[in-house]
Amino acid sequence: MGVIEKAASTEQDYRSSHLEVGGRYDAKLAESPFDAYMSAWERKYLPGIIKRFFPSGPARYLDFACGTGRITEQIAPLAKQSVAVDISPTMIEEARRKCPQTRFHLGDLTTTDPDLGQFDLVSSFRFFGNAQDELRDGALRAITRRLQPGGHLLINSHRNPRALYAVLDRLTGGPASGMDLHLPKLRKLLDRHGLSIVWLQPIAVWMYRSRIMLDTRPDDSQAAAKEARYGSASFASIAPDLIVVARKR
Ligand SMILES: C[S@@+](CC[C@H](N)C(=O)[O-])C[C@H]1O[C@@H](n2cnc3c(N)ncnc32)[C@H](O)[C@@H]1O
C-alpha cells in the first residue's frame, strides 16, 4: 500500500516525507489498486458525512496536511470559506490548481502559529496513520487550538495494524509494516486532545488478504454490496481504512 508512504516510516520525521513528491503523488495513488479503491470510497462517503454534521455546509473549513488537495477539492465547494495547509511546496502547488477558491498556507502549524482564524470543520487524511507520535500530538494541538468548541475533526486512518489483512500478513511472516495506529490508540489520542469520536465509517473490511487488495479495482461491480455488508461501525476496529469524525468537547 502507499508506494510513496512506505518510505515514510515512523522512525523518521514524517514532516519531510513529501517535500519533493508533489508532481508524482496523484499518479502513484491512482496506480496502487488499494489506494485507488480507498480514495474512491472516501469520495463516495464524504458528501453524506458532511451533510450529516453540517446540513447547510461548514462555515470555515481547514484541510490540515492537504497534500495535492485530494480531500480539499471535495469539501471546499461545500464550505463558505476554506483554508488548506501543508509543509510541502510541491504538494501545495498541485493543490492550488485544483482549488481556486481555497486560501493556501505553506508551513508547519506544529512549530509556527500563523493567524488563520477559527474553524468549525478540520480534515486531515492519510496523515495520522503515517505520522510519528510526536507529530500526531503536535498536529492535534495545532488543530484543536483552531477548532471552535463543538467543532468537528474529520480524518481517516488507513494503516490499521489490526486490519485482518495486516494480522494475517504478520502471522504468515510478512515484513514489519511500521503500522501502529489501531482504533483504541486513535481513540485515546483524540480523547487526550479533548476530542470524542462521534462517527466511524469503515472501508474495505472485506479485503482480508493483501492479495485481494492488490487485485481490486475501484469500479469492482460487487464492491457496493460488500461495502454495504461490512460498512457498519461495528467493524471499525478491523477496517483497513476508516473515516472518523470527532467532536471537540
Ligand atoms: C500522504 S499525504 C496526504 C495528503 C492529503 N491529505 C491526501 O489525503 O491525499 C501527507 C501530507 O502530510 C504533509 N505533512 C507532513 N507533516 C506536516 C506538517 N507538520 N504540517 C503540514 N503538513 C504536513 C505532507 O507534506 C504530505 O503532503
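These figures come from a predicted structure and were not determined experimentally. (Residues numbered from 1 in each chain as written. Predicted model: local features only at pLDDT ≥ 70, side-chain atom pairs only at ≥ 80, totals over all residues. Heavy atoms only, no water.)

A. Looking closely at the sheet that holds strand 3 (residues 103–106). What the 7 strands build is an open sheet, ordered 3-2-1-4-5-7-6; its pairing is mixed. In this open sheet, the two edge strands, each paired with only one partner strand, are strand 3 and strand 6 (195–203). Pairwise comparison of adjacent strand axes, ignoring direction, gives a mean angle of 15° for this sheet. Taken together, the 5 bridges between strand 1 (residues 60–64) and strand 2 (residues 81–86) define a ladder with parallel strand orientation. Across the sheet, Leu62 pairs through a bridge with Val83, a residue of strand 2. Contacting strand 4 (119–124), strand 5 (147–157), strand 6 and strand 7 (241–248), helix 3 (residues 33–53) crosses the sheet at an angle of about 135° to strand 6. Each of strand 1, strand 4, strand 5, strand 6 and strand 7 touches helix 6 (residues 133–146); the most contacted strand, strand 5, lies at about 140° to it. (Pairing = 2+ DSSP bridges. Helix = DSSP H or I, 4+ residues; strand = E, 2+ residues; numbered from the N terminus. Axes fitted to C-alpha atoms, helices over the stretch in contact; angles between N-to-C directions. Contact = heavy atoms within 4.5 Å.)

B. Spatial organisation of the site of the ligand. Near the ligand you find 20 residues, and of these Ala65, Arg70, Asp86, Asp108 and Phe125 are the closest. For the ligand, an oxygen atom lies 3.0 Å from a polar atom in the side chain of Tyr25. Asp86 has a polar side-chain atom sitting 2.7 Å from an oxygen atom of the ligand. Protein contacts shield 100% of the accessible area of the ligand, which totals 600 Å² for the unbound molecule. Of the pockets mapped on this structure, the ligand occupies the largest cavity. (Near = heavy atom within 4 Å. Polar contact = N/O pair within 3.5 Å; in protein donor to acceptor, adjacent residues only side chain to side chain. Areas by Shrake-Rupley, 256 points an atom, 1.4 Å probe, with all protein chains shown as cover. 1 Å grid on protein atoms, 1.4 Å probe; cavity = no way out; pocket = protein on both sides within 12 Å on 5 of 7 lines; lining within 4 Å. Sits in = over half its atoms within 2 Å of the grid points.)

C. Quick look at unusual backbone geometry. In this model, Arg126 sits at a positive phi of 50°, which is unusual for a non-glycine residue. Of note, Arg126 is situated in the loop between strand 4 and helix 6. Unusually for a residue other than glycine, Ala204 sits at a positive phi of about 65°. For Ala204, the location among the structural elements is in the loop between strand 6 and helix 9 (210–215). In this structure Ala204 comes out as buried when scored by relative accessible area, which is 0%. (Buried < 20%, exposed > 50% of the residue type's maximum accessible area, 1.4 Å probe, protein only.)

D. Geometry of the pairing of strand 3. Strand direction decides the pairing type here: strand 2 and strand 3, joined by 4 bridges, are parallel. Looking at the pairing, Ala84 lines up with Phe104 of strand 3. One crossover worth recording links strand 2 to the parallel strand 3 by way of helix 5 (residues 89–98), and it is right-handed. (Right-handed = clockwise from strand over helix to strand, strands pointing away.)

E. Highlighting the pairing of strand 5. Of all 11 residues making up strand 5, 8 are buried, and the element is well covered by its neighbours. With respect to chirality, the unit in which strand 4 leads through helix 6 into the neighbouring parallel strand 5 is right-handed. The sheet contact formed by strand 5 and strand 7 spans 6 bridges and is antiparallel. The residue of strand 7 that forms the bridge with Ile155 is Val244.

F. A look at the packing of helix 6 against helix 8 (residues 183–192). Where helix 6 contacts helix 8, the two axes come as close as 10 Å, and the packing angle between them is 40°. In terms of axis orientation, helix 6 runs oblique to helix 8. Note on packing geometry: the crossing formed by helix 6 with helix 8 is right-handed. Of the residues in helix 8, those touching helix 6 at Asp133, Arg136, Asp137 and Leu140 are Lys185, Leu189, Leu190 and Arg192. Of the residues that constitute the contact of helix 6 with helix 8, the class distribution is 3 nonpolar, no polar and 5 charged. (Parallel < 35°, antiparallel > 145°, perpendicular 65-115°, else oblique. Left-handed = near helix turned anticlockwise from the far one by under 90°. Nonpolar A, V, L, I, M, F, W, Y, C, P; charged D, E, K, R; others polar.)

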